[in-house]
Every structure is written in C-alpha cells, then in structure tokens.
Amino acid sequence: MKLTKFTHACVRLEKDGRVLVLDPGTFSETEQALAGADAVLITHEHADHIDVDAVSGALLAAPKLQLFAPDGVAAQLRQKAAGAADRIHTVGPGEQFDAAGFEIRSFGGQHALIHPQIPVVANVGFLVDSNVYHPGDSFAVPDGVEVQTLLVPIHAPWNKVGEVVDFVIGVRAPRAFPIHDALLNDAGRGLVEGHVTRIGAKYGTEYRHLSSGDTVEV
C-alpha cells in the first residue's frame, strides 16, 4: 500500500488501483488528494479535516465516490451534495466495513478536549487494512489490534509534547509518521519530532518525518 502525506491531516492511500483519502481539509491540497479517489474517510467536522466545498464537489463529480464520516459531518454533506446522499455513510466507533476494497475499523468516539468552553465534537479514528491508523483529533489507542503504521498528531491546540510521546508509546507501532503539523514552524517541528523519535525508539517505534507530497510504502 502506498501512503502519500499532504499538508496537515490529509493522507492518501493507494492499493490495487484503488484510492482512499483521509481528512482532506482546508489546510491540505484537497484537489490533488481527491483526484481519482474511490472512497473518503472523515474523522470529524473541523475544517482542517474536511474542506466541505471540495469534498461536496468531488462527490457530485464522481458518481462512484463513497464517503464515511461521523453523523454530523454526514448530515451536512447530504444537504450540501444531495445528489450523492446515498453514497454518504454515517460511521461511529466500534464498526467494521469495506471502503473501496480497504478494510476499515473505527475507534474512539470524541474529539480531544481543547477547552471547557469549546464544545467537544464526535471524532472517529480509522484503522485501514489492520495497518495504518489515523486517530483524527484524539489520542484514542485502538484496542484489540496491533497497529503497524501510526499517524501521529504532532501538534494541535488540544495537545502537548508529553501526550504526543505517550500516544506513540501506548500504540507501539513499528513505524510512525507525522500528521497535524501545519501550525508548526521548522524549529517547533524539529523539537517535537526529536522527542518522538528518541523516546519512541525505546519502545520499538521508528519515527520518520514526511513532508507534504512525500510517499512511502507501508
């Protein structure tokens, strides 16, 4: 399976001629990420994880494109792209389904707390083919599975470095790559990634930096 990182939280997975896109948000190169996509997974409703206009346009333009998202996101898209309503599916935690030939399991349930005065929204983490885990905006550790490739939210208004490191330790995937890093400059990114690389290695996780547009086999 080929994994391509786009800016911030968006990744594109390709396997056997099929394309799965996760969290094409407004910080990301959504048009490029969604080109030729067969299915889209959305972890939650925040704009940095879903560009509603771009995703709605893609659903209307591609008659076979399927989308899976928490209830609030799915409902919004059914209104925005009514012609594609039958291809927009609601997903909660603890489900298992097929998306364009990729086996998906869902975990978590809610977004990490940003502040008590900011409402907590639904957030679903996705495990793809028992391999790649995208947690969205959460540090929910998937239970009953062994993650092979962890996508790590390196920086966010809702996290701190110690929590990032503990998430990597908790999942203990053999390899890890960054997501959710658009708000960092190079100095900040280097600081956080240095801690994740050094401490993660003690627990069997090899962390590797990816820049936007980089592609790896997983």
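Relevant structure appears above.
Given the structure is predicted, the values throughout are model-derived calculations rather than measurements.

Asks: Hey, could you run me through the overall build of the chain in this one?
Replies: The helix and strand inventory of the chain stands at five helices and 14 strands. Compactness check: the chain gives a C-alpha radius of gyration of 16 Å against a globular reference of 17 Å for 218 residues, within 12% of the reference. Projecting the C-alpha coordinates of the chain onto the three principal axes gives extents of approximately 50 × 45 × 35 Å. In the chain, which comprises 218 residues, the share counted as buried stands at 51%. In the chain, of all internal contacts separated by at least 6 residues, the share reaching a separation of at least 24 is 55%. Surface accessibility of the chain: about 9,300 Å² in total, with carbon and sulfur atoms responsible for 49%.

Asks: Would you take a moment to explain the environment of methionine 1 for this structure?
Replies: Mapping methionine 1 onto the fold places it in the segment before strand S1 (2-5). The spatial distance from the C-alpha of methionine 1 to the C-alpha of leucine 59 is 24 Å, given a sequence separation of 58 residues. With near-sequence residues (within four places) excluded, methionine 1 lies in contact with Leu13, Glu14, Lys15, Phe102, Val128, Asp129, Asn131, Val132, Val216, Glu217 and Val218.

Asks: Please explain the side chain of serine 56 as it appears in this structure.
Replies: Of note, serine 56 is situated in helix H2 (residues 52-61). The contacts of serine 56, once residues within four sequence positions are left out, are Leu77, Lys80 and Ala81.

Asks: Would you mind showing me how to read the sheet that holds strand S13 (residues 206-207) here?
Replies: The strands making up a sheet associate through backbone hydrogen bonding, with each pair oriented either parallel or antiparallel. Taken in spatial order, the seven strands line up as S7-S8-S9-S10-S11-S12-S13 in an open sheet, and their pairing is mixed. The sheet is open, and its two edges are formed by strand S7 (96-99) and S13, each paired on a single side. Looking at chain direction, strand S12 (residues 175-179) and S13 are connected through two bridges and run parallel. Counted as the bridge partner of alanine 176 is tyrosine 207 from S13. In this fold helix H4 (residues 161-171) packs onto strand S10 (132-134) and strand S11 (149-153), with an angle of close to 165° to the strand it touches most, S11.

Conventions used here
- Residues numbered from 1 in each chain as written.
- Predicted model: local features only at pLDDT ≥ 70, side-chain atom pairs only at ≥ 80, totals over all residues.
- Heavy atoms only, no water.
- Helix = DSSP H or I, 4+ residues; strand = E, 2+ residues; numbered from the N terminus.
- Rg over C-alpha atoms; globule rule 2.2 N^0.38 Å.
- Buried < 20%, exposed > 50% of the residue type's maximum accessible area, 1.4 Å probe, protein only.
- Contact = heavy atoms within 4.5 Å.
- Areas by Shrake-Rupley, 256 points an atom, 1.4 Å probe, with all protein chains shown as cover.
- Pairing = 2+ DSSP bridges.
- Axes fitted to C-alpha atoms, helices over the stretch in contact; angles between N-to-C directions.

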